Amino acid sequence: MKSSRDLEIKEMRTVKAKLGATILVVVFCTAAAAGFFAGEAQALPPNEVETYFYSDATYSVEIGWRLLLCNGQRYSSGSTSVYTITYSTP
């Protein structure tokens, strides 16, 4: 017959094992979620990239712009659209 102390030790080991498994699952899920939601890595351009956005295919009304510097800084103003003109400056 097992003593109450032996049963307590067995119960504590079971609780520790379940806690360890739970922590492992949480860590795994967190890492998986971080990998899922992280965007793909993109290299910085070797020069400045200026993008101008226009309201329609006539390219007569500028509605916004974006500037990406070679150090990764981004500046923008206005709205974006599918009608763009992009310039790269050395």
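Residues numbered from 1 in each chain as written. Predicted model: local features only at pLDDT ≥ 70, side-chain atom pairs only at ≥ 80, totals over all residues. Heavy atoms only, no water.

**Examining the overall build of the chain**
Now for step 1: Per the secondary structure count, the chain includes one helix and four strands.
Now for step 2: For the chain, the sequential pattern of α-helices and β-strands runs α-β-β-β-β.
Now for step 3: Relative to its 90 residues, the chain shows a buried fraction of 11%.
Now for step 4: Across the chain, contacts joining residues at least 24 apart in sequence account for 46% of those joining residues at least 6 apart. (Helix = DSSP H or I, 4+ residues; strand = E, 2+ residues; numbered from the N terminus. Buried < 20%, exposed > 50% of the residue type's maximum accessible area, 1.4 Å probe, protein only. Contact = heavy atoms within 4.5 Å.)

**Concerning the pairing of strand β2 (residues 62-68)**
Now for step 1: Bridge analysis of strand β1 (residues 48-54) against β2 gives six bridges, and the strand direction is antiparallel. Within the sheet, the bridge partner assigned to Thr51 lies in β2 and is Arg66.
Now for step 2: Pairing between β2 and strand β3 (residues 74-78): five bridges, direction antiparallel. Considered in β3, the bridge of Leu68 is made with Arg74.
Now for step 3: Hairpin remark: β2 followed by β3, antiparallel, with five residues in the connecting loop; positive phi at Gly72, about 100 degrees. (Pairing = 2+ DSSP bridges.)

**Focus: the confidence of the model for the chain**
Now for step 1: The share of residues in the chain with pLDDT of 70 or more is 63%, and the mean pLDDT across the chain is 79.
Now for step 2: The lowest-confidence element of the chain is helix α1 (residues 4-37), averaging 66 in pLDDT; the highest-confidence one is β2, averaging 95. (pLDDT = per-residue confidence, 0-100.)

**Re the sheet that holds strand β4 (residues 83-89)**
Now for step 1: The four strands are arranged β3-β2-β1-β4 in an open sheet whose pairing can be described as antiparallel. If you trace the sheet from one side to the other, it starts and ends with β3 and β4, each paired once. Taken pair by pair, the neighbouring strands of this sheet meet at an average axis angle of 10 degrees, ignoring direction. (Axes fitted to C-alpha atoms, helices over the stretch in contact; angles between N-to-C directions.)

**Observations concerning a nonpolar patch on the surface**
Now for step 1: A surface patch of nonpolar side chains, about 290 Å² in accessible area, is lined by Tyr59, Val82 and Tyr83.
Now for step 2: Within the secondary structure layout, Val82 lies in the loop between β3 and β4.
Now for step 3: Using a relative accessible area of 71% as the deciding quantity, one classes Val82 as exposed. (Patch = residues over 30% accessible without salt bridge, like charges linked within 9 Å, V, L, I, M, F, W, Y side chains within 5 Å. Areas by Shrake-Rupley, 256 points an atom, 1.4 Å probe, with all protein chains shown as cover. Salt bridge = Lys/Arg side-chain N within 4 Å of Asp/Glu carboxyl O.)

**Quick notes on the packing of aromatic side chains**
Now for step 1: Taken as a whole and judged by the stated rule, the model has three aromatic pairs.
Now for step 2: Note on Tyr52 and Tyr87: the rings are 6.0 Å apart at their centroids and 70 degrees apart in plane angle, and the pair reads as edge-to-face. With Tyr52 in strand β1 and Tyr87 in strand β4, this residue pair connects regions lying 35 residues apart in the sequence.
Now for step 3: Seen in terms of ring centroids, Tyr59 and Tyr83 are 6.1 Å apart; in terms of plane orientation they differ by 90 degrees. Their pairing is edge-to-face. (Phe/Tyr/Trp six-rings, centres within 6.5 Å; stacked < 30°, edge-to-face > 60°.)

**Here's the deal with unusual backbone geometry**
Now for step 1: Positive phi, close to 55 degrees, is recorded for Tyr59, a residue that is not glycine.
Now for step 2: In this fold, Tyr59 is placed in the loop between β1 and β2.
Now for step 3: Since its relative accessible area comes to 34%, Tyr59 is described here as partly exposed.

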